[in-house]
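# Understanding the architecture of this molecule
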Protein chains: 2
Amino acid sequence: MPSVLIIGAGLAGSLLSIYLARRGFDVNVFEARGDMRRESMSAGRSINLALSDRGIAALREVGMDEYMLAEAVPMTGRMIHSPDGQTRLLPYSGRSGEYINSVSRAGLNIALMNEAEKYPNVQIVFNERCVDFDTKRGEAAFASGRTMRAGTVIATDGAGSAVRKAMMNGGVERFEFSQSWLDHGYKELHIPPGDSGSFLLEKNALHIWPRRRFMMIALPNFDGSFTCTLFLAHKSDSAEEPAFDQLTSEDAVREFFEREFADAVPLMPTLVEDFFANPTGNLGTIKCFPWSIGGRSLLIGDSAHAIVPFYGQGMNCSFEDVRVFDQLVEEHGDDWETVFDAYGTLRKGNTDAIADMAVENFYEMRDAVADPVFVRKRELETTLEQTYADYFSKYSMVTFREDLPYSVAKEKGNAQDALLMEICSKTEDVSSLDLADVRERLSQI
Amino acid sequence: MPSVLIIGAGLAGSLLSIYLARRGFDVNVFEARGDMRRESMSAGRSINLALSDRGIAALREVGMDEYMLAEAVPMTGRMIHSPDGQTRLLPYSGRSGEYINSVSRAGLNIALMNEAEKYPNVQIVFNERCVDFDTKRGEAAFASGRTMRAGTVIATDGAGSAVRKAMMNGGVERFEFSQSWLDHGYKELHIPPGDSGSFLLEKNALHIWPRRRFMMIALPNFDGSFTCTLFLAHKSDSAEEPAFDQLTSEDAVREFFEREFADAVPLMPTLVEDFFANPTGNLGTIKCFPWSIGGRSLLIGDSAHAIVPFYGQGMNCSFEDVRVFDQLVEEHGDDWETVFDAYGTLRKGNTDAIADMAVENFYEMRDAVADPVFVRKRELETTLEQTYADYFSKYSMVTFREDLPYSVAKEKGNAQDALLMEICSKTEDVSSLDLADVRERLSQI
């Protein structure tokens, strides 16, 4: 019997196995899919992800940060594409060194699995899909018919977690649970590299085509390509309102993209093929509690808190989960019940906060970046960050301050935002503001 | 094939079957339990319920209101029992004729089933527990192995609805769902009648022993007895904090009741036996959406929106569901998809509102009725209602205004409450207030 059984060798599970191996535990990781290092597979997940400070901090502890950043593409700001094709860069921060990094999901996952398997006390078993969990006995059941117990079971089996479903379906009395969905879905599309791997859009930016009721984004890949994601309503309320349910013909797709994203269309030679070949994904938020059953099992990562991607924090939050968890293992060893209780108490408010901020940021990215008051506010914040080393916007607190809990970033950030939006609604020219006065008012929050 | 299959012959299902029978539909009702008219059974549900205007309005349409009220005990206000044994009546309304009615759940359910079976086009089948629902085919599966289809299926199978679970477990894409629980549970206890069926507490009141962190209530039954319900935390945070997990010995129970509810203990001869014989119930809120799948199925009542009992609106809301639904059948006939869509659109905001108000009222009943500002506020509201025929407190809007949607009662009521609490926090003597001025300020809300 291994001392820890991890369900799922995705990003969170693979990183967790490294952390636990370093603490000397025998770790078995059971993964539903095949080994992505041997088989090419469509993961059904986003191709690239934004790695930022919380995620980097967790990788650093196991010596993986520099390795990963070597293959990442830094993104220093949001490049806003207007309908007329004009672009404007809104930096993420007024400070140099504060940027996010586009990384390959598969590349990162493979690197983590390779690292994990360097430890003799880690074993990853593939093609074992967990389908049920006996919450009383702490026993996981797999589609193969195999069952498995361990000193404890940690479920990193993602948003559709079988362990969480067992907790929900009677395994845990008074289990708090919610799932909610945006009216919008998403579809991934592709911009290939230019000649000899050149980038056909500005390389070091996260590109956004904000169109109020919908938007497209594009993140650079290391090979010079970009992965685009269209966020659009599933269903149309009216004939004028674009939605996935209206884009059913090649002509409709082409016409929609040429009208809305004219500057991108020439860069997307496989647009129509991609549009019909790739699935339309859903955007959901899942919250639940408690995450653990005594010392028998614990949910970590998306299994405990699936969030929408609009703050670029899904992976970063899950990696932070692992780092916080490890600190508690350092403190309490394998007294799992104590570790799990402390972890839930410490972490729940923070994962709720990032879940809420991620939904709010959808509206910000879609609507607000096209709003002049918001653009002025970002300008002001950039100036504030350039001028005052100790001023951090909400975005910066979430993205670049791994020392700050998400819940603090949310509360303080919302108060700052309200004040700055008010200030910027009253002036057309941000440079005319008395910056010291603004700083003083912010410090009173 | 019946034109309508109803899952569950509880209060909502039985009333719905009458409404549909009157519209000429062939109705089959499949009920999980045996026939309560033939077998004595512990329903695992509360023994009595507060029937108020929304419920009465729905009964009136099928001619059942006067019959039911003949066996009800009117409750004109909350009788507050202080720790020192003093009592004080807080009327529910300043107007005569505005009171709530304690009715027997079983008695009402039996009356509704009897009425339903007067219609030749209604058939109630007992001991058929629905365990699954094929959301694509619209087919219900029962524990007996039987399966059943119909023109449409309406699920009134309560908070644990099997139909809703099937919708949740993949039957409906992007199904919105939440379940949340209070830290408090409940336990039913008993005060028997006095000599020759006399009432040992004031008959025409809902009795409350508010003790801030917990409370007991008692509702009169037609036979002179009272059903008491203790609402108490499941788990204790500290040694001083009473909770169910601390009341594990007869001595502890007796000591707790004698300390907290001294005036009630002499009336409860079977207190200790009841305490250990009766289960401790959970208090949960369930919300979900959509409630329907095309025209194939619809959730009505607790299956769609389980709420906590603190506004006395669970049954009243479900009965109002049925009345609203019937109005849409009148308009659209058996175009079920249209009826179901319109029903969801019309009703969801209102059931969310009463769900939220019911949770809020728990804190009001437990904490606020022991708060002098709140007591003054109730006093002021009573005076306002006595003086102004068109003034209604939030409680009155919810309870006595079946013409007013719950969502309106919530919004307007909260604004009124905030203003009146502010006014009452600034005076010790409500009778010194300028009533016309208060009325004027209220009318500006």
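None of the values given here were measured: they were computed from a predicted structure. (Residues numbered from 1 in each chain as written. Chains lettered and ligands numbered in written order. Predicted model: local features only at pLDDT ≥ 70, side-chain atom pairs only at ≥ 80, totals over all residues. Heavy atoms only, no water.)

## Looking at the domain arrangement of chain A
Residue and element names in this part refer to chain A. Each assigned domain of chain A is listed here: domain 1 (4-72 + 104-179 + 283-362), domain 2 (182-282) and domain 3 (371-443). Centre-to-centre separation of domain 1 and domain 2, based on C-alpha positions: 30 Å. Taken over both partners, the interface formed by domain 1 and domain 2 buries close to 1200 Å², and the fraction arising from carbon and sulfur atoms is 66%. Counting the surface domain 1 buries against domain 2, the share from its top three residues, Asn48, Leu283 and Phe362, is 55%. For the pair domain 1 and domain 2, the interface holds 0 salt bridges. Our enumeration of links across domain 1 and domain 2 arrives at 5 residue pairs in polar contact (both at pLDDT 80 or more). Elements with a contribution of two residues or more to the side of domain 1 that touches domain 2: strand S3 (48-51), strand S17 (281-289) and helix H9 (336-366). Among the residues forming the side of domain 1 that touches domain 2, the class breakdown is 11 nonpolar, 4 polar and 2 charged. (Domains from an automatic or database assignment. Buried area = accessible area lost by both parts, 1.4 Å probe. Salt bridge = Lys/Arg side-chain N within 4 Å of Asp/Glu carboxyl O. Polar contact = N/O pair within 3.5 Å; in protein donor to acceptor, adjacent residues only side chain to side chain. Helix = DSSP H or I, 4+ residues; strand = E, 2+ residues; numbered from the N terminus. Nonpolar A, V, L, I, M, F, W, Y, C, P; charged D, E, K, R; others polar.)

## Observations regarding the environment of A:Pro74
All names here are of chain A. Counting through the fold element by element, Pro74 comes out in strand S4 (residues 73-75). Spatially, the C-alpha atom of Pro74 lies 4.4 Å from that of Asn101, the residues being 27 residues apart in sequence. Look past the residues within four positions of Pro74 in its chain and what remains in contact with it is Tyr99, Ile100, Asn101, Lys203, Asn204 and Ala205. (Contact = heavy atoms within 4.5 Å.)

## Brief notes about the relation of the copies chain A and chain B
Expressed as a screw operation, the relation of chain A to chain B combines 0.0 Å of axial shift with a rotation of 180°, fitting to an RMSD of 0.0 Å. Viewed as a symmetry operation, the transformation between the two copies matches a two-fold axis. Among all C-alpha atoms of chain A, that of A:Ser178 lies closest to the rotation axis, at 2.0 Å. Comparing interface residues between copies, 100% of those in chain A also lie at the interface in chain B; the contact surface is shared. (Least-squares fit on C-alpha atoms with pLDDT ≥ 70 in both.)

## Examining a negative patch on the surface
Among the surface-exposed residues, A:Asp334, A:Asp335, A:Glu337 and A:Asp341 lie close enough to one another that they form a single negatively charged patch. Examined against the element boundaries, A:Asp341 turns out to sit in helix H9. (Patch = residues over 30% accessible without salt bridge, like charges linked within 9 Å, V, L, I, M, F, W, Y side chains within 5 Å. Areas by Shrake-Rupley, 256 points an atom, 1.4 Å probe, with all protein chains shown as cover. Lys, Arg positive; Asp, Glu negative; His and termini not counted. Charge placed at Lys NZ, Arg CZ, Asp CG, Glu CD.)

## Digging into the environment of B:Met79
All names here are of chain B. Tracing the backbone through its elements, the reader meets Met79 in strand S5 (residues 77-81). As a C-alpha pair, Met79 and Leu201 span 122 residues in sequence and 9.7 Å in three-dimensional space. With near-sequence residues (within four places) excluded, Met79 lies in contact with Thr87, Arg88, Leu89, Glu202, Ala205, Leu206, His207 and Ile208.

## As for the sheet that holds S3(A)
Residue and element names in this part refer to chain A. In space, the 3 strands of this open sheet follow the order S3-S7-S4, with antiparallel pairing throughout. Looking along the sheet, the strands with just one partner apiece sit at the ends: S3 and S4. In this sheet, neighbouring strand axes are inclined to one another by 35° on average, regardless of whether the strands run parallel or antiparallel. The sheet contact formed by S3 and strand S7 (residues 100-104) spans 4 bridges and is antiparallel. Looking across to S7, one finds that Leu49 is bridged to Val103. The sheet strands contacting helix H8 (residues 314-332) are S3 and S7, and the helix crosses S3 at an angle near 60°. (Pairing = 2+ DSSP bridges. Axes fitted to C-alpha atoms, helices over the stretch in contact; angles between N-to-C directions.)

## What about the interface of chain A and chain B?
Listed per partner, the contact involves 14 residues of chain A and 14 residues of chain B. Where chain A abuts chain B, roughly 1400 Å² becomes buried across the two surfaces, and 44% of that area is made up of carbon and sulfur atoms. Of all residues in chain A, A:Arg174, A:Gln179 and A:Trp181 bury the most surface against chain B, accounting for 42% of the area lost on that side. At the surface where chain A touches chain B, the tally comes to 0 salt bridges. Our count for the chain A to chain B interface comes out at 14 residue pairs in polar contact (both at pLDDT 80 or more). For the side of chain A that touches chain B, the element with the highest residue contribution is strand S13 (residues 176-191) of chain A, accounting for 7 residues. The residue makeup of the side of chain A that touches chain B, split by class, is 5 nonpolar, 5 polar and 4 charged. Bridging between S13(A) and strand S13 (residues 176-191) of chain B involves 3 bridges; their strand directions are antiparallel. Bridge pairing in S13(B) links A:Gln179 to B:Phe177.

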